[in-house]
There are 2 protein chains.
Amino acid sequence: MLSQKAKYAIKALMNLAVQEKGALVKTAVIAEQENIPKKFLELILIDLKRASLVASKQGVGGGYYLLRSADKISLADIYRLFDGAIALLPCASLRFYEPCKDCADENTCALRASLIAVRDQTLLALENTMLNQLVGQKKEVL
Amino acid sequence: MLSQKAKYAIKALMNLAVQEKGALVKTAVIAEQENIPKKFLELILIDLKRASLVASKQGVGGGYYLLRSADKISLADIYRLFDGAIALLPCASLRFYEPCKDCADENTCALRASLIAVRDQTLLALENTMLNQLVGQKKEVL
DNA sequence: TTAAAGTCTAGCGATTTAGTAGGATTTTAT
DNA sequence: ATAAAATCCTACTAAATCGCTAGACTTTAA
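Residues numbered from 1 in each chain as written. Chains lettered and ligands numbered in written order. Predicted model: local features only at pLDDT ≥ 70, side-chain atom pairs only at ≥ 80, totals over all residues. Heavy atoms only, no water.

1. A word on the domain arrangement of chain A
Residue and element names in this part refer to chain A.
Here is step 1: Domain annotation for chain A reports domain 1 (4-66) and domain 2 (85-141).
Here is step 2: For domain 1 versus domain 2, the distance between C-alpha centres works out to 27 Å.
Here is step 3: With 6 residues of domain 1 at the contact, the number on the domain 2 side is 4 residues.
Here is step 4: Both faces considered, domain 1 and domain 2 share a buried interface measuring about 390 Å² in area, 85% of it formed by carbon and sulfur atoms.
Here is step 5: Taken together, the links from domain 1 to domain 2 amount to 0 salt bridges. (Domains from an automatic or database assignment. Contact = heavy atoms within 4.5 Å. Buried area = accessible area lost by both parts, 1.4 Å probe. Salt bridge = Lys/Arg side-chain N within 4 Å of Asp/Glu carboxyl O.)

2. A closer look at a nonpolar patch on the surface
Here is step 1: Nonpolar side chains collect at one region of the surface, where Leu24, Tyr65 and Leu67 of chain B lie side by side and expose about 230 Å² of accessible area between them.
Here is step 2: Structurally, the position occupied by Leu24 of chain B is in the loop between α1 (4-17) and α2 (27-34). (Patch = residues over 30% accessible without salt bridge, like charges linked within 9 Å, V, L, I, M, F, W, Y side chains within 5 Å. Areas by Shrake-Rupley, 256 points an atom, 1.4 Å probe, with all protein chains shown as cover. Helix = DSSP H or I, 4+ residues; strand = E, 2+ residues; numbered from the N terminus.)

3. A few points about the protein's contact with DNA strand D
Here is step 1: In the vicinity of DNA strand D there are 28 residues, among which Lys49, Ser56 and Tyr64 of chain A together with Lys39 and Gln58 of chain B approach most closely.
Here is step 2: Each atom of DNA strand D within 4 Å of the protein belongs either to a base or to sugar and phosphate, the latter forming 70%.
Here is step 3: In the environment of DNA strand D, a base nitrogen lies 2.9 Å from a nitrogen or oxygen atom belonging to the side chain of Glu42 of chain A.
Here is step 4: Within the side chain of Ser56 of chain A, a nitrogen or oxygen atom sits 2.7 Å from a phosphate oxygen of DNA strand D.
Here is step 5: Sort the elements by how many residues they give to the surface near DNA strand D and helix α3 (residues 38-50) of chain A lands first, with 6 residues.
Here is step 6: A per-class count over the surface near DNA strand D returns 9 nonpolar, 10 polar and 9 charged. (Near = heavy atom within 4 Å. Polar contact = N/O pair within 3.5 Å; in protein donor to acceptor, adjacent residues only side chain to side chain. Nonpolar A, V, L, I, M, F, W, Y, C, P; charged D, E, K, R; others polar.)

4. With respect to the protein's contact with DNA strand C
Here is step 1: The environment of DNA strand C is formed by 27 residues, the closest being Lys39 and Gln58 of chain A together with Lys26, Lys49 and Tyr64 of chain B.
Here is step 2: Close to the protein, within 4 Å, the atoms of DNA strand C are drawn from sugar and phosphate at a rate of 69%.
Here is step 3: Here a phosphate oxygen of DNA strand C and a side-chain polar atom of Arg50 of chain B are 3.1 Å apart.
Here is step 4: Breaking the surface near DNA strand C down by element, the ones donating at least two residues are α1 (4-17) and α3 of chain A together with α3 (38-50), β1 (54-57) and β2 (63-66) of chain B.
Here is step 5: Broken down by element, the residue count for the surface near DNA strand C peaks at 6 residues, all from α3 of chain B.
Here is step 6: Residue classes in the surface near DNA strand C are distributed as 9 nonpolar, 9 polar and 9 charged.

5. Considerations on the environment of Phe40 of chain B
Residues and elements named next belong to chain B.
Here is step 1: In this structure, Phe40 sits in helix α3.
Here is step 2: The exposure class assigned to Phe40 is partly exposed, which follows from its relative accessible area of 30%.
Here is step 3: Distance from Phe40 to Tyr8, taken between C-alpha atoms, is 9.2 Å for residues 32 residues apart in sequence. (Buried < 20%, exposed > 50% of the residue type's maximum accessible area, 1.4 Å probe, protein only.)

6. Some remarks on the side chain of Lys11 of chain A
Here is step 1: Looking at the element boundaries, Lys11 of chain A is found in helix α1.
Here is step 2: Contact partners of Lys11 of chain A, with chain neighbours within four places excluded, come to Glu34 and Ile36 of chain A together with Asp102 of chain B.

7. Some points on the packing of aromatic side chains
Residues and elements named next belong to chain A.
Here is step 1: Counting across every chain of the model gives 2 aromatic pairs over all chains.
Here is step 2: Between the aromatic rings of Tyr8 and Phe40, the centroid separation amounts to 5.9 Å while the plane-to-plane angle is 85 degrees, which identifies the pairing as edge-to-face. On the criterion of sequence distance, the pair formed by Tyr8 in helix α1 and Phe40 in helix α3 is long-range, its members being 32 residues apart.
Here is step 3: Exposure remark for Tyr8: the relative accessible area of 11% places this residue in the buried category. (Phe/Tyr/Trp six-rings, centres within 6.5 Å; stacked < 30°, edge-to-face > 60°.)

This is the structure in C-alpha cells:
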C-alpha cells in the first residue's frame, strides 16, 4: 500500500500536471485543492524537488511546476522516492538491494529467484503507469 | 516489502512443504531450522492455522503440517494474510476494499482505474507464484 | 498423572508514520 | 531599502505499527 506521503505526492503531481505549460502553483493552492495539510505538503514538494521531478521558484509569485513532462513520470518513480523498494525482499531489489543475512547462497535461492520474477512483473506495471494516465488526460485518437 | 512476519511464514511453510506427506513438525524444530524466534513463530503458525493453510495436532508427538498441497498455496495467499491489501490504495483493493473519503466519484477516478490495473498485474504475479516454486522443488520433466 | 506439545492474552521497546511548529532564506514589488 | 510573499530547513511530537517476549492455559499420549 502507498504511504499517505506517496499518495499526497501523486495528488500534488497530478495537480501540476494539468496546469498550462510554465505555470507556477503555490503550495497553499495545491494544499487547498487537494486537501493536503500545507506544512506536510511543503516537505513532500521539497522531496520531489530533490528528485528533480519538480522545480520551484521562490518569492512573490513563486511556486512549483513539473520539471519532466507528465508522460515521463511513472508510478515507479514516485513509489521508490517515498516508499522505497518495490521488491518483496531487499535481496530481490534492484535499487535498494541488500543481501539476506541468513541466506546460504543467493544464487541458488529459489525464494529469491521467484521474488525477482514477481518484482519484474510489478515493475512492468508501475513503470508503464505514467502521471498523465493517472490524471486521465484525454488520449489523442491514434 | 514483506513484513518479517510474512517472511517467517513463508519460511515456515517452505519447511513444511518439503516434509513427507503426513509428517508432523514441531514449532521448536521449524524455529531452529529456519532461524525464527520460537514464541514469535507460534503466533504465526496460529495465524496460518486460522487461515486453513496448515493444521496442527496438540500434545506429545504433535506438530504442524500443510493442509493444502504446496502447489495450491500462492504468495498472494500469504501476503494478504500477514500484510493485507495488495492494491496500492484501499479503493483499488479486491479483498480489503474501502472507499476514499475525498474522492468525488470513484467510477470516473482515473487514479483508481490505473491502480486497479496495476493491482491486476501484481495479483497475476503473486497468484501464480506457488509455494512449491519458492521451495525450488525439482520440476518433473514434461 | 505427568511431560510434551499447541493455544491464548497481554504487554513492551524500538521504529516508523503523519503531522506540527517556528523560523530562516530568497525573491519580487513598491 | 524594505515589506511581503513565497520556498526551504530543522526539530519535535503523538499515535500507530512491528518485532518480539512472558506466562498461563489446554490438549494429548504414554
